[in-house]
Amino acid sequence: MHAADSNGSKPFLPFSRPTIDETMVDAVADTLRSLWITSGPQVLAFEKALSEAHGGRPVRVVASATAAMEVALLAVGIGSGDEVIMPAQTFFSCANAIARTGAKPVFVDVDPVTRNMDLEATVAAINPRTRALMPTHFAGLPLDMDALYELAGDTNLRVIEDAALAIGSRWKGKRIGSFGDIASFSFHPNKNMTTIEGGALVFAEESEARVAEQYRFHGISRNPDGTRDVTVLGGKYNLPDVNARLGLLQLARLDEFTARRQQLVARYFEQLQTDPPCQLPARGDTGHSWNFFAPLLPLDQLTLSRKQIMDALMARGIGTGISYEAVHLTTRYRQLGYREGDFPHAERIARETITLPLYPTLNEADVDRVCHEFRTVLHAAKR
Ligand SMILES: *Cc1c(COP(=O)(O)O)cnc(C)c1O
């Protein structure tokens, strides 16, 4: 949607936008010309580069982070009768991936400041059916990894980190995915690097990566005589070479993209004092890769709803998003018995959150413009 440029002179600013340079366009065209367009040499090269960026760990790329989470759950043997604990404030696909294996997603509330899964609530949700924890690094701010892995160790649970928003994030200087159990990344265009659609899994063990590889592609394994066997119920989750070629060049610029996001966020923190005041996101430290910047609106002090504020900003050429609705309150997951009031922090964030424009090709003047329009709209709506 680019329609809402009210004064006609200033360009529309979406809340997210990928960075694609001409080198990337040429490389993708070259891959097309090579006529090897689905999974092949570029996938192997991309996996190797991702592995090198993540402490040499085994990496397998797939068609999306959603596919990655499904494959990871299947590879660790999660299915019917099992429970997987996840935050109530994250993207829907985490719950769907769990439920599609036959396991049950068990939601817990999030911390109201970091918006990451509350580990005390997690402890309380663990029971004999619990097999794994699937926390999200919210907006790219790493969860407390020391506490998470202490808990996983004490309880003997697997961890599948939903690191969809956290490629480029660091915990105490170490890249998310370079340590721990399994990490799942997304390369959707709204994420910190893109392959159009795509995702990756980083494993601690090569043997588990091999199992994931089977789930990724029809459950196929090779016999010594060159024929194929099917050993597990796999799907078709492979990433094409065209996408992998783009991913290689995106990965080469990832740290630059991250640094740029961090600079722009610093500008937001300088410029975004509103009246009435918003709750700004937790700043974290230098390890936050800032996939998105989402203040919480002071709705009880405003005469407009969030939708009206989003529409008013749209009319001023500013695109916004909602990251995210509370998963437990969707129709599908209410069927598990969840209700309003179960997770007050997740529900409040879901009601009040608004995602403002943030991407590496935004400039400081754009941030100033967003802040100006945002301040103006909120002030005019003050009760
Ligand atoms: C984007 C996202 C996903 C899903 O990623 P896809 O690659 O689109 O499947 C999962 N979890 C979170 C938190 C996300 O933001």
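Residues numbered from 1 in each chain as written. Predicted model: local features only at pLDDT ≥ 70, side-chain atom pairs only at ≥ 80, totals over all residues. Heavy atoms only, no water.

J.: Even after reading the chapter, I still don't get the side chain of aspartate 181, so can you show me in this structure?
T.: Along the chain, aspartate 181 falls in the loop between strand S7 (174–175) and strand S8 (182–186). When its relative accessible area of 14% is taken as the criterion, aspartate 181 is described as buried. Here arginine 158 takes part through its side chain, which lies 2.8 Å from a polar atom of the side chain of aspartate 181. Aside from chain neighbours lying at most four places away, what touches aspartate 181 is Arg57, Tyr149, Arg158, Val159, Glu161, Val202, Phe203 and Ala204. (Helix = DSSP H or I, 4+ residues; strand = E, 2+ residues; numbered from the N terminus. Buried < 20%, exposed > 50% of the residue type's maximum accessible area, 1.4 Å probe, protein only. Polar contact = N/O pair within 3.5 Å; in protein donor to acceptor, adjacent residues only side chain to side chain. Contact = heavy atoms within 4.5 Å.)

J.: Sorry if this is basic, but what is going on with the sheet that holds strand S5 (residues 158–162) here?
T.: The strands that make up a sheet pair up through hydrogen bonds in the backbone, lying either parallel or antiparallel. Taken in spatial order, the seven strands line up as S1-S9-S8-S5-S4-S2-S3 in an open sheet, and their pairing is mixed. In this open sheet, the two edge strands, each paired with only one partner strand, are strand S1 (59–62) and strand S3 (104–108). Taken over all neighbouring pairs, the strand axes of this sheet differ in orientation by 25° on average, direction set aside. For strand S4 (residues 130–133) and S5, the ladder comprises two bridges, and the chain directions are parallel. Across the sheet, leucine 133 pairs through a bridge with valine 159, a residue of S5. Lying on the sheet, helix H2 (residues 41–53) is in contact with S1 and strand S9 (199–202); it crosses S1 at an angle near 130°. (Pairing = 2+ DSSP bridges. Axes fitted to C-alpha atoms, helices over the stretch in contact; angles between N-to-C directions.)

J.: Before we go on, may I ask you to explain the site of the ligand in this structure?
T.: Near the ligand you find 16 residues, and of these Ala65, Thr66, Ser186, Lys191 and Tyr324 are the closest. A distance of 2.7 Å separates an oxygen atom of the ligand from a polar atom in the side chain of serine 186. In the environment of the ligand, an oxygen atom lies 3.0 Å from a nitrogen or oxygen atom belonging to the side chain of lysine 191. About the coverage of the ligand: the protein hides 93% of its 380 Å² of free accessible area. With three residues, helix H3 (residues 65–75) is the single largest residue contributor to the shell around the ligand. Within the shell around the ligand, the residues separate by chemical class into six nonpolar, eight polar and two charged. (Near = heavy atom within 4 Å. Areas by Shrake-Rupley, 256 points an atom, 1.4 Å probe, with all protein chains shown as cover. Nonpolar A, V, L, I, M, F, W, Y, C, P; charged D, E, K, R; others polar.)

J.: Looking at this model, I keep getting lost on the confidence of the model for the chain. Mind explaining?
T.: Close inspection of predicted coordinates is inappropriate for parts of the model with low pLDDT. Averaged over all residues, the pLDDT of the chain equals 97, while 98% of them reach at least 70. Across residues 1–6, where pLDDT falls below 50, the model places 14 contacts with residues more than four positions away in sequence or in other chains. (pLDDT = per-residue confidence, 0-100.)

J.: Looking at this structure, how should I read the packing of H3 against helix H4 (residues 92–100)?
T.: How two helices sit against one another is set out by the angle between their axes and by the gap between those axes. Two numbers describe how H3 lies on H4: the axes approach to 9 Å, and their chain directions differ by 35°. Like other packed secondary-structure pairs, H3 and H4 cross with a definite hand, here right-handed. Contact residues: H3 offers Thr66, Met69, Glu70 and Leu73, while H4 offers Ser93, Cys94, Ala97, Ile98 and Arg100. Looking at side-chain class alone, the contact of H3 with H4 contains five nonpolar, two polar and two charged residues. (Left-handed = near helix turned anticlockwise from the far one by under 90°.)

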